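The residues making up each chain are set out below.
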Amino acid sequence: MSTPLPTDEPLICSAKGCHAPATWELRWNNPRLHDPDRRKTWLACPAHRETLGDFLDARGFLRAVVPLAGSPTLEA
């Protein structure tokens, strides 16, 4: 079981070794393991948005990329 983060702590990018604040949500699922409506989320900073998205998309898992709630609006 994981410990929830305090609400005042910034959410961090999911890329290995990255400690940058996340500004994007990459919503995905593995259709062999998850129900079609289920979404898992990886968080991404601007530097890792494309590489994390490419990794998920190459496997057919990526469903949506959206700005993280509370982050500045970013241009694609």
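Keep in mind that this is a model prediction, so the values were computed, not measured.

1. Structural notes on the sheet that holds strand 3 (residues 62-67)
Okay, step 1: With respect to topology, three strands assemble into an open sheet ordered 2-1-3, the strand pairing being antiparallel. Two strands lie at the open edges of the sheet, namely strand 2 (40-44) and strand 3, each paired on one side alone. Each neighbouring strand pair of the sheet contributes to a mean axis angle of 25°, computed without reference to strand direction.
Okay, step 2: Bridge count between strand 1 (residues 24-28) and strand 2: five bridges; the pairing is antiparallel. Bridge assignment links Trp 28 to a residue of strand 2, and that residue is Lys 40.

2. With respect to the packing of aromatic side chains
Okay, step 1: In total, this model carries three aromatic pairs according to the counting rule given.
Okay, step 2: Taken together, the ring pairs connect Trp 28, Trp 42, Phe 55 and Phe 61 into an aromatic cluster.
Okay, step 3: The ring of Trp 24 carries Arg 49 above its face, with NZ or CZ at 4.0 Å from the centroid.
Okay, step 4: Above the plane of the ring of Phe 55 lies Arg 59, whose end atom (NZ or CZ) is 3.6 Å from the centre.

3. A closer look at the environment of Gly 53
Okay, step 1: Within the secondary structure layout, Gly 53 lies in helix 1 (residues 49-58).
Okay, step 2: Taking the C-alpha atoms as reference points, Gly 53 and Glu 25, separated by 28 residues in sequence, lie 9.8 Å from one another.
Okay, step 3: With sequence-adjacent residues up to four places away left out, Gly 53 is seen in contact with Leu 26 and Leu 62.

4. Points about the environment of Leu 11
Okay, step 1: Tracing the chain through its elements places Leu 11 in the segment before strand 1.
Okay, step 2: Once the C-alpha coordinates of Leu 11 and Leu 68 are considered, the two residues, 57 residues apart in sequence, prove to be 9.3 Å apart.

5. Focus: the pattern of salt bridges
Okay, step 1: Scanning the model with the defined rule gives one salt bridge in all.
Okay, step 2: Between Arg 27 and Glu 25 there is a salt bridge, with the nearest N and O atoms lying 3.2 Å from each other.
Okay, step 3: Among the residues examined, Glu 25 registers a relative accessible area of 14% and is labelled buried.

What counts and what doesn't
Residues take numbers from 1 onward in each chain, read along the sequence in its written order. With the structure being a predicted model, the display of local features is reserved for residues of pLDDT at least 70 and the display and counting of side-chain atom pairs for 80 or more, all residues being used for whole-chain, interface and lining totals. Each side-chain value is worked out from all heavy atoms of the structure, with water and hydrogens disregarded. When DSSP finds two or more bridges between a pair of strands, those strands are recorded as paired. Each helix is a run of H or I in the DSSP string that is no shorter than four residues. Each strand is a run of E no shorter than two, and both are numbered from the N terminus. Orientation is described by lines fitted to C-alpha atoms, with helices fitted over the stretch in contact, and by angles between N-to-C directions that extend from 0 to 180 degrees. When the centres of two rings from Phe, Tyr and Trp lie within 6.5 Å, Trp using its six-membered ring, the rings pair. Their planes under 30 degrees apart give stacked, over 60 give edge-to-face, and anything left gives tilted. Only Lys NZ and Arg CZ are tested; either one counts as a charge over a ring when it is within 6 Å of the ring centre and within 35 degrees of the ring normal. In what follows, residue pairs with any heavy atoms lying within 4.5 Å of each other are defined as contacts. Take a side-chain nitrogen of Lys or Arg and a carboxyl oxygen of Asp or Glu: if they are within 4 Å of each other, that pair is a salt bridge. Exposure is judged per residue with a 1.4 Å probe applied to protein chains only, and the accessible area is read against the type maximum: over 50% gives exposed, under 20% gives buried, and values in between give partly exposed.

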